[in-house]
Number of protein chains: 2
Amino acid sequence: MAEDHSALIAKLTDAIGAAYVLTDPTDMAGRLVEDRGLYTGTAIAILRPGSTEEVAACVRLCAAAGVAIVPQGGNTGLVGGGVANGGVILTTDRMNRIRNVDATNATLTVDAGCILANIQQAADDAGALFPLSLASEGSCQIGGNLSTNAGGTAVLRYGNMRDLVLGLEVVLPDGRVLNDLNGLRKNNTGYDLRNLFIGAEGTLGIITAAVLKLFPKPVTRATALVACDGPQAALALYTRMRAQNADTLSTFEYVERMALQMVLDHAHGCTDPMAEVHPAYCLIELTSANAADTLDARMETALEAAFEAGEIHDAVIGASEAQKDALWALREHLSESQKPEGASIKHDVSVPVSRVADFITTAKAACLAHMPDLRPCPFGHFGDGNLHFNLSRPVDMDDATFLAEYPTFNRIVHDIVHQMDGSISAEHGIGQVKRAELRRYKDPVALELMQQLKSAIDPANIMNPGKVL
Amino acid sequence: MAEDHSALIAKLTDAIGAAYVLTDPTDMAGRLVEDRGLYTGTAIAILRPGSTEEVAACVRLCAAAGVAIVPQGGNTGLVGGGVANGGVILTTDRMNRIRNVDATNATLTVDAGCILANIQQAADDAGALFPLSLASEGSCQIGGNLSTNAGGTAVLRYGNMRDLVLGLEVVLPDGRVLNDLNGLRKNNTGYDLRNLFIGAEGTLGIITAAVLKLFPKPVTRATALVACDGPQAALALYTRMRAQNADTLSTFEYVERMALQMVLDHAHGCTDPMAEVHPAYCLIELTSANAADTLDARMETALEAAFEAGEIHDAVIGASEAQKDALWALREHLSESQKPEGASIKHDVSVPVSRVADFITTAKAACLAHMPDLRPCPFGHFGDGNLHFNLSRPVDMDDATFLAEYPTFNRIVHDIVHQMDGSISAEHGIGQVKRAELRRYKDPVALELMQQLKSAIDPANIMNPGKVL
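So, how was this worked out
- Residues numbered from 1 in each chain as written.
- Chains lettered and ligands numbered in written order.
- Predicted model: local features only at pLDDT ≥ 70, side-chain atom pairs only at ≥ 80, totals over all residues.
- Heavy atoms only, no water.
- Contact = heavy atoms within 4.5 Å.
- Buried area = accessible area lost by both parts, 1.4 Å probe.
- Salt bridge = Lys/Arg side-chain N within 4 Å of Asp/Glu carboxyl O.
- Polar contact = N/O pair within 3.5 Å; in protein donor to acceptor, adjacent residues only side chain to side chain.
- Phe/Tyr/Trp six-rings, centres within 6.5 Å; stacked < 30°, edge-to-face > 60°.
- Helix = DSSP H or I, 4+ residues; strand = E, 2+ residues; numbered from the N terminus.
- Buried < 20%, exposed > 50% of the residue type's maximum accessible area, 1.4 Å probe, protein only.
- Lys NZ or Arg CZ within 6 Å of the ring centre and 35° of its normal.
- Least-squares fit on C-alpha atoms with pLDDT ≥ 70 in both.
- UniProt positions renumbered as here; feature names shortened; annotations may be inferred.
- Pairing = 2+ DSSP bridges.
- Axes fitted to C-alpha atoms, helices over the stretch in contact; angles between N-to-C directions.
- Core = buried A, V, L, I, M, F, W, Y, C linked by side-chain atoms within 4.5 Å.
- Parallel < 35°, antiparallel > 145°, perpendicular 65-115°, else oblique.
- Left-handed = near helix turned anticlockwise from the far one by under 90°.
- Expected span 1.5 Å × (residues − 1).
- Arc of directions from axis to C-beta.
- Nonpolar A, V, L, I, M, F, W, Y, C, P; charged D, E, K, R; others polar.

Here we look at the interface of chain B and chain A
Thought 1: In this assembly, 84 residues from chain B lie in contact with 84 residues from chain A.
Thought 2: Between chain B and chain A the total buried area reaches about 6,600 Å² when both faces are included, carbon and sulfur atoms providing 53% of it.
Thought 3: If you sort the residues of chain B by the area they bury against chain A, Lys 186, Asn 188 and Tyr 191 of chain B come out on top, with a joint share of 16%.
Thought 4: At the junction of chain B with chain A, the criterion picks out ten salt bridges.
Thought 5: Ionic pairing is found between Lys 186 of chain A and Glu 427 of chain B, a salt bridge with its closest N-O pair at 2.8 Å.
Thought 6: The tally of links between chain B and chain A comes to 46 residue pairs in polar contact (both at pLDDT 80 or more).

Some thoughts on the packing of aromatic side chains
Thought 1: Per the counting criterion, the structure on display carries twelve aromatic pairs over all chains.
Thought 2: Aromatic pair Tyr 254 of chain A and Phe 382 of chain A: ring centres 5.2 Å apart, planes at 35 degrees, arrangement tilted. In this pair, Tyr 254 of chain A sits in strand 13 (residues 249-256) while Phe 382 of chain A sits in the loop between strand 18 (375-381) and strand 19 (386-392), placing the two residues 128 residues apart along the sequence. For the pair Tyr 254 of chain A and Phe 382 of chain A, a shared accessibility class is recorded, and that class is buried.
Thought 3: Both rings, one in Phe 359 of chain B and one in Phe 389 of chain B, keep their centres 5.4 Å apart while their planes meet at 65 degrees; by these two values the pair is edge-to-face. Within this pair, whereas Phe 359 of chain B is found in helix 13 (residues 356-370), its partner Phe 389 of chain B is found in strand 19 (residues 386-392), the two being separated by 30 residues in sequence.
Thought 4: An aromatic cluster is defined as three or more aromatic residues linked by ring pairs; in this entry it consists of Tyr 238, Phe 252, Tyr 254 and Phe 382 of chain A.
Thought 5: One Lys or Arg, Arg 94 of chain B, reaches over the ring of Tyr 20 of chain B and ends 3.3 Å from the middle of that ring.

Details of the relation of the copies chain B and chain A
Thought 1: Expressed as a screw transformation, the operator carrying chain B onto chain A has a rotation angle of 180 degrees and an axial translation of 0.0 Å, and the superposed copies differ by an RMSD of 0.0 Å. What the rotation and shift describe, once combined, is the action of a two-fold rotation axis.
Thought 2: Most of the interface of chain B is mirrored in chain A, where 100% of its interface residues again form contacts.

Re the UniProt feature "domain: FAD-binding PCMH-type" (unreviewed entry) in chain A
Thought 1: According to UniProt, the "domain: FAD-binding PCMH-type" (unreviewed entry) feature falls on residues 39-217 of chain A.
Thought 2: Helix makes up 21% of residues 39-217 of chain A and strand 25%, with an end-to-end C-alpha separation of 39 Å.

Comments concerning the sheet that holds strand 4 (residues 88-91) of chain A
Residue and element names in this part refer to chain A.
Thought 1: Spatially, four strands are ordered 1-2-4-3 in an open sheet, and the strand pairing comes out mixed. Each edge of the sheet is formed by a strand with only one pairing partner; in this case those strands are strand 1 (21-22) and strand 3 (69-72).
Thought 2: Summarising the sheet, strand 2 (residues 45-47) and strand 4 pair through three bridges and their orientation is parallel. Its bridge partner lying in strand 4, Ile 46 is registered against Ile 89.
Thought 3: On the sheet, helix 3 (residues 52-65) packs against strand 2, strand 3 and strand 4 and is oriented at approximately 165 degrees with respect to strand 4.

Thoughts on the nonpolar core
Thought 1: Grouped together as the largest cluster of nonpolar side chains are 97 residues, with contacts concentrated most on Phe 130 and Ile 142 of chain A together with Phe 130 of chain B.
Thought 2: Excluding residues that lie within four positions of it along the chain, Phe 130 of chain B makes contacts with Leu 116, Ile 119, Gln 120, Ala 123, Ile 142, Met 161, Leu 164, Leu 212, Lys 213 and Leu 214 of chain B.

A short note on the packing of helix 13 (residues 356-370) of chain A against helix 15 (residues 406-419) of chain A
Helices that pack against each other are described as a pair by the angle of their axes relative to one another and the distance between those axes.
All names here are of chain A.
Thought 1: Following both chains from N to C, one finds helix 13 and helix 15 inclined at 155 degrees, their axes separated by 10 Å at the closest point. Considered as vectors, helix 13 and helix 15 are oriented roughly antiparallel to each other. The handedness of the crossing between helix 13 and helix 15 comes out as right-handed. Within the contact between the two elements, helix 13 uses Phe 359, Thr 362, Ala 363, Ala 366, Cys 367 and His 370 and helix 15 uses Thr 408, Phe 409, Ile 412, Val 413, Ile 416 and Val 417.

Structural notes on the sheet that holds strand 1 (residues 21-22) of chain B
All names here are of chain B.
Thought 1: In spatial order, the strands read 1-2-4-3; together these four strands make up an open sheet with mixed pairing. Both edges of this open sheet fall to strand 1 and strand 3 (69-72), since each of them pairs with a single strand only.
Thought 2: For strand 1 and strand 2 (residues 45-47), the ladder comprises two bridges, and the chain directions are antiparallel. Across the sheet, residue Leu 22 finds its bridge partner in strand 2, namely Ile 46.
Thought 3: Contacting strand 2, strand 3 and strand 4 (88-91), helix 3 (residues 52-65) crosses the sheet at an angle of about 170 degrees to strand 4.

Focus on the pattern of salt bridges
Thought 1: In total, this model carries 54 salt bridges over all chains according to the counting rule given.
Thought 2: Glu 311 of chain A is paired through a salt bridge with Arg 240 of chain A; the nearest N and O atoms lie 2.9 Å apart. Of the two residues, Glu 311 of chain A is situated in the loop between helix 10 (295-308) and strand 15 (314-317) and Arg 240 of chain A in helix 8 (residues 231-245); the sequence distance between them amounts to 71 residues.
Thought 3: Judged by its relative accessible area of 12%, Glu 311 of chain A is buried.
Thought 4: Lys 324 of chain B serves as the salt-bridge partner of Glu 321 of chain B, at 3.3 Å between the closest nitrogen and oxygen. With a gap of three residues between them, Glu 321 of chain B and Lys 324 of chain B both fall in helix 11 (residues 321-332), about one helical turn apart.
Thought 5: Assessed through its relative accessible area of 46%, Glu 321 of chain B is described here as partly exposed.

A look at helix 10 of chain A
Residue and element names in this part refer to chain A.
Thought 1: The end-to-end C-alpha separation of helix 10 is 20 Å, in line with the 20 Å expected for 14 residues at 1.5 Å each.
Thought 2: For helix 10, the full list of buried residues reads Leu 295, Arg 298, Met 299, Ala 302, Leu 303 and Ala 306. On an axial view of helix 10, the arc spanned by its buried residues comes to 120 degrees, and they lie on one face. Projecting away from the buried face of helix 10 at angles above 90 degrees are the exposed residues Thr 301 and Glu 308.
Thought 3: Each element contacted by the buried residues of helix 10 is listed here: strand 12 (220-228), helix 8, strand 14 (280-288) and strand 15.
Thought 4: Downstream of helix 10 by a residue or two, Gly 310 has a phi angle that is positive, lying close to 75 degrees.

Points about the environment of Thr 76 of chain A
Residues and elements named next belong to chain A.
Thought 1: Here Thr 76 shows up in the loop between strand 3 and strand 4.
Thought 2: Taking the C-alpha atoms as reference points, Thr 76 and Ala 135, separated by 59 residues in sequence, lie 9.7 Å from one another.
Thought 3: The contacts of Thr 76, once residues within four sequence positions are left out, are Ser 136, Ser 139 and Cys 140.

What to know about helix 15 (residues 406-419) of chain B
Residue and element names in this part refer to chain B.
Thought 1: When the terminal C-alpha atoms of helix 15 are compared, their 20 Å separation across 14 residues agrees well with the 20 Å that a helix rising 1.5 Å per residue should span.
Thought 2: Here helix 15 has its buried residues at Phe 409, Asn 410, Ile 412, Val 413, His 414, Ile 416 and Val 417.
Thought 3: Residues of helix 15 that are buried make contact with strand 16 (344-345), strand 17 (348-350), helix 13, strand 19, helix 14 (399-403) and helix 16 (435-441).
Thought 4: Two residues or fewer past helix 15, Asp 421 is found with a positive phi of approximately 60 degrees.

Details of unusual backbone geometry
Thought 1: Within the chain, Ala 106 of chain A stands out as a residue other than glycine whose phi angle is a positive 55 degrees.
Thought 2: Relative to the elements of secondary structure, Ala 106 of chain A occurs in the loop between strand 5 (98-102) and strand 6 (107-111).
Thought 3: Ala 106 of chain A sits in the buried class, given a relative accessible area of 8%.
Thought 4: A positive phi angle, close to 45 degrees, is found at Asn 464 of chain B, a residue other than glycine.
Thought 5: Mapped onto the elements of the fold, Asn 464 of chain B is located in the segment after helix 17 (444-457).
Thought 6: Assessed through its relative accessible area of 1%, Asn 464 of chain B is described here as buried.

Description of the packing of helix 17 (residues 444-457) of chain A against helix 17 of chain B
Thought 1: Across the interface, helix 17 of chain A lies against helix 17 of chain B with an axial gap of 9 Å and an inter-helix angle of 135 degrees. Viewed along their axes, helix 17 of chain A and helix 17 of chain B adopt a mutual orientation that is oblique. The crossing of helix 17 of chain A and helix 17 of chain B is right-handed. Here helix 17 of chain A contributes Leu 449, Gln 452, Leu 453, Ala 456 and Ile 457 of chain A to the contact with helix 17 of chain B, which in turn contributes Leu 449, Gln 452, Leu 453, Ala 456 and Ile 457 of chain B.
Thought 2: Each residue belonging to the contact of helix 17 of chain A with helix 17 of chain B can be placed in one class, and the counts come to eight nonpolar, two polar and no charged.

Regarding the side chain of Thr 92 of chain A
Residue and element names in this part refer to chain A.
Thought 1: By the element assignment, Thr 92 lies in the loop between strand 4 and strand 5.
Thought 2: A polar contact of 2.9 Å, which involves the side chain of Thr 92, links it to the side chain of Gln 141.
Thought 3: Once you skip the residues sitting within four places of it in the chain, Thr 92 turns out to touch Gln 72, Gly 73, Ala 112, Gly 113, Gln 141 and Ile 207.

Looking at the environment of Ile 142 of chain A
Residues and elements named next belong to chain A.
Thought 1: Relative to the helices and strands, Ile 142 is located in helix 5 (residues 142-147).
Thought 2: You can call Ile 142 buried: its relative accessible area is 0%.
Thought 3: The spacing of Ile 142 and Ala 297 is 155 residues in sequence and 37 Å in space, taken between C-alpha atoms.
Thought 4: Beyond its immediate stretch of four places on either side in the chain, Ile 142 contacts Val 110, Asp 111, Ala 112, Cys 114, Leu 116, Ile 119, Phe 130, Leu 132, Met 161 and Leu 212.

In structure tokens, the structure reads:
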């Protein structure tokens with residue numbers, strides 16, 4: 001029998017207005033499912049507060065009623081972290097102001113509901129760069145990026161979301177507001193509260209605003225697609241590029257032919273820039289904020305040396321912005337181009353960079369030993385040690401039969417990751433999808449400590465219950 | 001009446017050996033006081049465990065006996081954080097192994113007791129840079145650097161200690177060992193435990209090892225001392241240098257004539273590289289890991305533009321390594337050269353970089369209004385918004401009379417810092433010295449949350465009690 005929440009709904013309506021308390025199933029539908037349709041949630045209501053004070057009021061009312069709260073940003077997560085299993089969904093979508101731009105301090109103060117692309121634009125308008133960049137940037141919100149410690153394609157140079165923020169404002173599970181919206185580069189006044197909420201996936205509180213770091217805008221770039229024999233050659237090349245281009249190496253992505261072929265077959269307008277077929281490719285980009293830097297020359301010098309060392313077979317350096325964009329398009333279409341090929345079993349993993357080549361070789365071999373017709377499509381942020389180790393089903397196997405092997409492949413891949421001191425979730429988080437895997441692989445003392453922190457900050461388990469822990 | 005701790009001492013002796021449980025006052029003396037003699041502590045014993053397991057054994061025994069533990073590294077802290085008020089001091093000085101060097105992953109795994117200079121050397125031997133650099137690097141230990149989130153002269157480019165570490169090993173207040181010694185650039189498997197212990201000043205546990213990040217070694221640098229009118233001109237120059245030299249600007253330090261004059265008067269071998277006297281100076285350094293970078297030319301171009309814009313009066317660019325070192329020496333002798341001038345009232349503060357010039361002007365004026373003969377010596381990490389806002393006593397005032405004004409000057413300076421959204425402790429921490437100030441200025445919800453975390457992790461208040469909170 002469903003509980004009667006009408007008293008709570010009435011109080012929430014008083015607090016933030018009837019227009020912003022959605023209870024009609026039609027109005028709620030879009031926020032109950034996630035992108036890929038893996039989860040369908042249920043919720044009493046969807047709350048759309050318009051300010052930090054309104055968020056705090058909602059949290060106080062829900063806490064008093066013992067009703068769970070699922071914070072939700074752009075709802076673009078990949079691990080079911082924003083899916084509600086009862087309780088209310090609280091979305092920050094109405095809180096989308098750029099609160100302050102301080103170009104001299106190189107900071108931007110933003111509401112949690114700001115869409116990432118709008119923040120990138122605001123930085124650009126201020127003559128600076130906000131480097132976080134990922135596939136869903138057109139719809140994901142910075143609050144979600146913060147709560148999941150988002151990664152993406154700029155981590156090699158600029159770090160994860162965690163490295164791009166100075167201060168936070170957070171509504172705690174009892175409705176208190178933590179004001180730590182500082183824009184300071186140095187601040188040692190007690191415990192680091194900020195990083196507790198970054199990456200906590202909304203289980204410790206609701207981030208309502210942040211002070212973000214801006215960086216000098218790159219004004220020149222050199223972009224190359226390079227062909228090589230496989231992961232060992234790619235690692236040698238990465239080591240060379242980092243040694244020679246330290247300050248400017250901003251991208252080092254890896255993809256094997258199988259995955260590239262899917263892009264060529266399915267992504268509109270993508271063509272192979274090389275005459276011959278090669279086993280693997282690296283997308284490399286150098287960037288600089290100094291227009292005088294001759295990055296193409298640097299790239300050529302490094303690649304010539306790599307040719308001579310036998311590390312690479314061919315290379316295409318983008319001669320125009322359009323050509324550079326075309327090389328990037330090959331990378332950007334990797335995920336979606338795997339869909340037409342049927343079901344895919346995905347792993348978002350990382351290992352130390354020194355082991356990334358061994359990992360690819362070992363994990364591919366182990367997966368193929370289990371299923372010889374499997375089509376492994378490893379690709380991703382090689383320079384971060386982070387691979388999207390995706391496995392496309394055999395050509396003639398049906399999706400359901402293949403997906404039934406998900407747990408088996410998880411075990412194969414995650415065991416190897418664990419043996420190599422790696423992580424079973426590099427950038428997507430834990431959410432609901434990886435809770436059991438987390439318990440299996442995480443240091444038991446770390447798990448205990450996480451639970452102690454959760455109990456201390458959210459003793460009633462109001463905030464996004466059933467996620468992470 | 002002194003409690004009898006002989007049973008505990010016997011158990012500790014069993015656990016780590018009699019040679020490493022110091023109880024003789026003569027043996028203990030050096031670790032009971034801190035450098036400047038501001039505090040003299042008392043302790044039951046000094047423990048020198050030789051391994052993580054021995055640290056854990058000591059902690060378990062002390063916890064069972066209800067005896068407090070003060071973790072101590074190189075004992076170079078400036079806020080009394082390592083001074084014991086009873087209980088035992090646990091020093092990591094015997095734990096000084098470089099556990100692992102992984103040049104490809106650009107990481108170094110080290111025991112907490114490694115001296116910073118030795119870590120710098122190990123990085124150098126591996127062809128890389130560990131950038132943390134500060135005055136006490138010859139004797140401070142990395143465990144202390146971690147526990148205080150150390151800053152120093154390389155923050156502008158490389159960040160604080162927090163930004164230079166990937167993984168930690170920590171002995172918790174109940175003796176459990178948290179193993180999070182990962183060397184991963186991307187890892188989103190639950191709460192960020194690492195940053196909880198970094199900067200906690202030993203109040204949440206004892207850091208026993210860390211995985212540190214290495215960086216490409218700079219191979220070329222350009223170093224300049226620039227004369228200007230004061231903070232506003234320096235801020236304009238900083239903005240210019242950052243815009244033009246983004247990737248390479250690694251140092252932007254500020255000093256006013258008063259402080260520089262003390263160096264010229266007291267530091268052996270230091271001479272003024274300019275013919276005329278100027279109100280203020282900036283030490284600027286560009287560095288690059290790319291030997292082909294023409295940094296001197298970049299520096300000249302930027303400084304020429306600054307001349308034309310009226311931002312600077314004179315500049316000296318170091319023509320040789322010896323000349324560059326001589327310019328650095330002027331900066332490095334600032335602190336010690338203030339000592340012969342009599343008592344000094346010091347503030348380690350930060351504000352947003354956009355307000356650093358206003359802060360200097362406002363705070364100097366307010367201090368001089370209170371004491372017209374005061375000799376303000378503001379200097380420090382201008383590009384980080386972090387100033388050592390030191391005040392030397394009037395020439396003809398005695399030290400004691402001047403130091404009696406410490407609380408008054410604290411109030412003047414810290415009130416201005418607070419009004420400018422700044423921090424009352426940029427890089428030195430809270431320890432004992434700034435506990436009361438922290439309570440005055442910190443967001444009350446942040447203070448409550450810090451106390452909740454302390455109670456959750458160290459409910460018996462065993463770890464470094466009376467510090468920070």
